[in-house]
Amino acid sequence: MLARRDFIVRGAVGGACLLTFTLAGCETRLTPARARAAEVPFRTLAAADVATVDALGETLLPGSSTAGLAHYIDHQLSGDPADSMLMIKYLGVAAPFTEFYRSGLRATNAASQSLHGRPFAHCSPEQAAALLSQMAGGHVEGWQSPPSGLFYFVLRSDAVDVVYGTKAGFEQLGVPYMAHIEPPSRWGE
Amino acid sequence: MQAPSSLPRDPVDVIVVGSGAAGSNMAARLAEGGKRVLILEAGPARTPAHLISSTLYARRVKWTGPPVLDEGKNPVGFVFNAAFGTGGAAMHHYAVWPRLHAEDFDMRSRHDRGLDWPLKYSDLAPYYDQVQQEAGIRGDATREIWRPPGAPYPMPPVPVFPQGTAIARGFAKLGKTVAPLPLAVTTTHYHGRAQCLWDGWCDSGCPIGALANPLTIHLPRAAAAGAQLVNDAAITKVLTSDDGTRAVGVEVALKDGTRQTILAKVVVLAAFTVENPRLLLASATGRHPQGLGNSGGFLGRYIMTHAAGLVYGLFAEETRPYMGAFGGQLVNQDSYPKTTHRGSGAFGSYQWMIAQAVKPNDLLGIATTRPDIFGAALHDFMKRATRGFAGMTAVCEDLPVSDNRVTLSSQQDVHGVPIARVTHDTHAESVSLWKASLSEGKEVMRAAGADEVWTGPPGSMHIMGGTVMGTSSTNSVTNSYGQLHDIPNLVVAGPGLFPTSGGVNPTFTVHALAARSAERLLATWPQVVG
């Protein structure tokens, strides 16, 4: 075992290690928020997917889209599932998880079209909230797989992870982080 | 840790499959007993430096091995409860180490429910005492009025933080008792280990040696005694003699796709509750057509998992819910007698783990306790809950059901071994027990003065059974030492041996059983190896 001081020192030395995004052909270490601000190209999510994720994020937890929710999900889906940090790992869904997200986003838009006559990203805040309430309860007429309640839970968890699951997120809430080994990125800075 | 290329070419005394709580304990004791021990770990090498303090990074150390089909009305939650790599699931366990009670060992005889163990509490008590001294448990044996006989804890209990004080008030108002939670976490510098800072990062794995995980306790001992640990070495088959009476070694699949046979006098399977029966089923031969150790048809059966009775409260006072250990601060076992809640159709035991440290996010985090809230209201909830949140969890006994079992799927892993399907439907009396725990928990929170009280779904904690011990192959897979009735030099270790789950966390009992098994193997070595 090592002393706690050693870990803190090691963490500080390795503190520049952020998520790796490819920007202008170069691998760059960025937080998801900065990846969004820099308009880093997506590798797995299509443009329409991103718009839906952003709209879901803003409805589930305002601020999560600017915190880089779509880039975070895209980054995690684009890597080795063994290294995934997505909550979905815990929820009985077999890796890889890309089809789960794509199917869920398709089902969200289909339900939105059926309920409100428009894609989810074009819904008013009230319309979006109404659909999410139905999804949370698992009662969306005509909903296709995955289960709406599970998809709601996963996206909500991702949004919470990006906003509050980081050292910066802890600080927003006044929670002391007290790390033994600092995570390599203060996401949300 | 060594690379697969370091696999020995010549026979060893003991192969231990898996490096978690049971495997590391057995390996240390057998190596210290003079045996040449090889630990084969299917997962990657993990060191304390991998245990990053982050709920997000913690997900990387959970199970990423062969897929497990997690099915039934009440799935066991395999990925969250398991891990892949050095230290196994114990690497990120919460170190809540209560003992089973005497009535857990003969439940069939006393209550006509479940199964009897082939040993009694008094048989295991000396090993609980032995392990608690070497691992270090903090607590107060006197205040644990429910505790079965045993040596006092070697360390004083943890101080109670405001979350614990708030909930304890509710128990006291209802005339119930709380005591310090027995935790295998250091409150003082113990055997050279650092003391806990009560930072609540246990689920991410404790890298400073305060929590008694295998990286801190038994793997260093095993290495010091000469045991060799090889990572990324997946067992594809346990090999047996032509007459089927002896294990002779294992077949290992390496990362480069090659396979190697390693011979041993004794094979210990300590690959956790699902992988152990999977390997035994997948190692079927002409002599053992239904799998090794399955002559009685019990292999894979009686899978159990504790239903979590999750109860939360929001207080006006500041509770600092992020302080403490992930497992909690206090314990109550008033509901341990099996028939406590018979009036509500329940059977079994439960204990409360009180005032568990929480983080804002993650499966057990603050946000997840109210999944119905979203939008601006979620931000508001997070701010209020960070200030005044409190929670406690009932560890609810799961009655053993024969049809709750591990079987082989038609799907195969990358090495061509069938993957496991785990089916689990909670017994009706266990469901009633879980409901009874929620009723009691809400009453406690209200008595404590919580402004809001709510409950969570029946999450799955711990996985047990599947290779249960008993008196013969007519009722079980192994004897009380984990030796297969059919193949005595093939030994199972871990919570898979449990014939009943009890209402407490299993890791302390896993260690006590492993210590007893290792002692037996060393004492009877000539007979065991033939």
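Presented here is an overview of the structure given in this document. Just so it is clear, the structure is predicted and the values come from calculations on it, not from any experiment.

Description of the overall build of chain A
- Along its length, chain A carries eight helices and two strands.
- Of the regular secondary structure in chain A, the N- to C-terminal order runs α-β-β-α-α-α-α-α-α-α.
- The contacts in chain A between residues at least 6 apart in sequence include a share of 54% that link residues at least 24 apart.
- Put simply, chain A shows about 7,900 Å² of open surface, and 55% of that area lies on carbon and sulfur atoms.

Considerations on unusual backbone geometry
- Between Ala95 of chain A and Pro96 of chain A the backbone carries a cis peptide bond, its omega angle lying at -5°.
- In this structure, Met178 of chain A takes a positive phi of about 55° despite not being glycine.
- Here His191 of chain B, not a glycine, exhibits a phi torsion of approximately 50°, which is positive.
- Within the secondary structure layout, His191 of chain B lies in the loop between strand 4 (179–180) and helix 7 (218–224).

Considerations on the state of the cysteines
All names here are of chain B.
- Inspection of every chain in the model, using the stated rule, returns zero disulfides over all chains.
- Cysteine Cys206 remains unbridged, with the sulfur of Cys196 as its closest cysteine sulfur at 6.7 Å.
- Residue class for Cys206 comes out buried when judged on its relative accessible area of 10%.

Quick look at the environment of Asp161 of chain A
- Along the chain, the position of Asp161 of chain A falls in helix 7 (residues 148–164).
- Between the C-alpha atoms of Asp161 of chain A and Leu77 of chain A, which are 84 residues apart in sequence, the distance is 15 Å.
- In contact with Asp161 of chain A, not counting residues within four places along its chain, are Tyr72, Met87 and Thr166 of chain A together with Leu56, Arg59, Asn361 and Asp362 of chain B.
- Only 2.7 Å separates the side chain of Asp161 of chain A from the side chain of Arg59 of chain B, close enough to count as a polar contact.

Details of the interface of chain B and chain A
- Contacts between chain B and chain A engage 47 residues on the former and 44 residues on the latter.
- Carbon and sulfur atoms make up 69% of the area that chain B and chain A hide from each other, which totals about 4,100 Å².
- By the criterion of area lost to chain A, the three top residues of chain B are Leu56, Arg59 and Phe374 of chain B, representing 18% of everything that side buries.
- With a shortest N-O distance of 2.7 Å, Asp161 of chain A and Arg59 of chain B are connected by a salt bridge.
- Where chain B packs against chain A, one counts 21 residue pairs in polar contact (both at pLDDT 80 or more).
- Where the side of chain B that touches chain A is concerned, the elements lending two or more residues are helix 2 (55–58), helix 3 (78–81) and helix 9 (376–388) of chain B.
- It is helix 9 of chain B that contributes the most residues to the side of chain B that touches chain A, six residues altogether.

A word on the pattern of salt bridges
All names here are of chain B.
- Across all of its chains, the model carries 28 salt bridges over all chains by this definition.
- Linking Arg36 and Asp10 is a salt bridge whose minimum nitrogen-to-oxygen distance equals 3.0 Å. Note that Arg36 is positioned in the loop between helix 1 (21–32) and strand 2 (37–40) and Asp10 in the segment before strand 1 (12–17), a separation of 26 residues in sequence.
- With relative accessibility at 40%, the residue Asp10 sits in the partly exposed group.
- The shortest N-O distance in the salt bridge between Asp203 and Lys62 comes to 3.4 Å. Here Asp203 is found in the loop between strand 4 and helix 7, whereas its partner Lys62 is found in the loop between helix 2 and strand 3 (68–71), with 141 residues between them in sequence. No difference in accessibility class separates Asp203 from Lys62, as the two residues are buried.
- One salt-bridge network, held together by shared partners, links Arg29, Glu32, Glu134 and Arg221.

What counts, and at which threshold
Within every chain, residues take consecutive numbers counted from 1 along the sequence as written. A letter from A marks each chain and a number from 1 marks each ligand, given out in the order of writing. Given that the model is predicted, a residue must reach a pLDDT of at least 70 before its local features are reported, and side-chain atom pairs must reach 80 or more before they are shown or counted; all residues, however, enter totals for whole chains, interfaces and linings. Side-chain measures here rest on the full set of heavy atoms in the structure, leaving out hydrogens and waters. Secondary structure elements follow DSSP: runs of H or I of four or more residues count as helices, runs of E of two or more count as strands, with numbering from the N terminus. Contacts were defined at the residue level, with two residues in contact if any of their heavy atoms lie within 4.5 Å. In this description, accessible areas are obtained by the Shrake-Rupley approach with a 1.4 Å probe, and a residue is regarded as covered only by the protein chains that are shown. We call a pair of cysteine sulfur atoms a disulfide when they lie within 2.5 Å. In this scheme, a residue with accessible area under 20% of its type's maximum is buried, one over 50% is exposed, and one in between is partly exposed, where area comes from a 1.4 Å probe on protein chains only. We call two N or O atoms a polar contact when they sit within 3.5 Å, provided that within protein one can donate a hydrogen and the other can accept it, with sequence-adjacent residues counted only if both atoms are side-chain atoms. When two parts are put together, the accessible area they lose, computed with a 1.4 Å probe and summed over both, is reported as buried area. Here, a salt bridge means any Lys or Arg side-chain nitrogen found within 4 Å of an Asp or Glu carboxyl oxygen.

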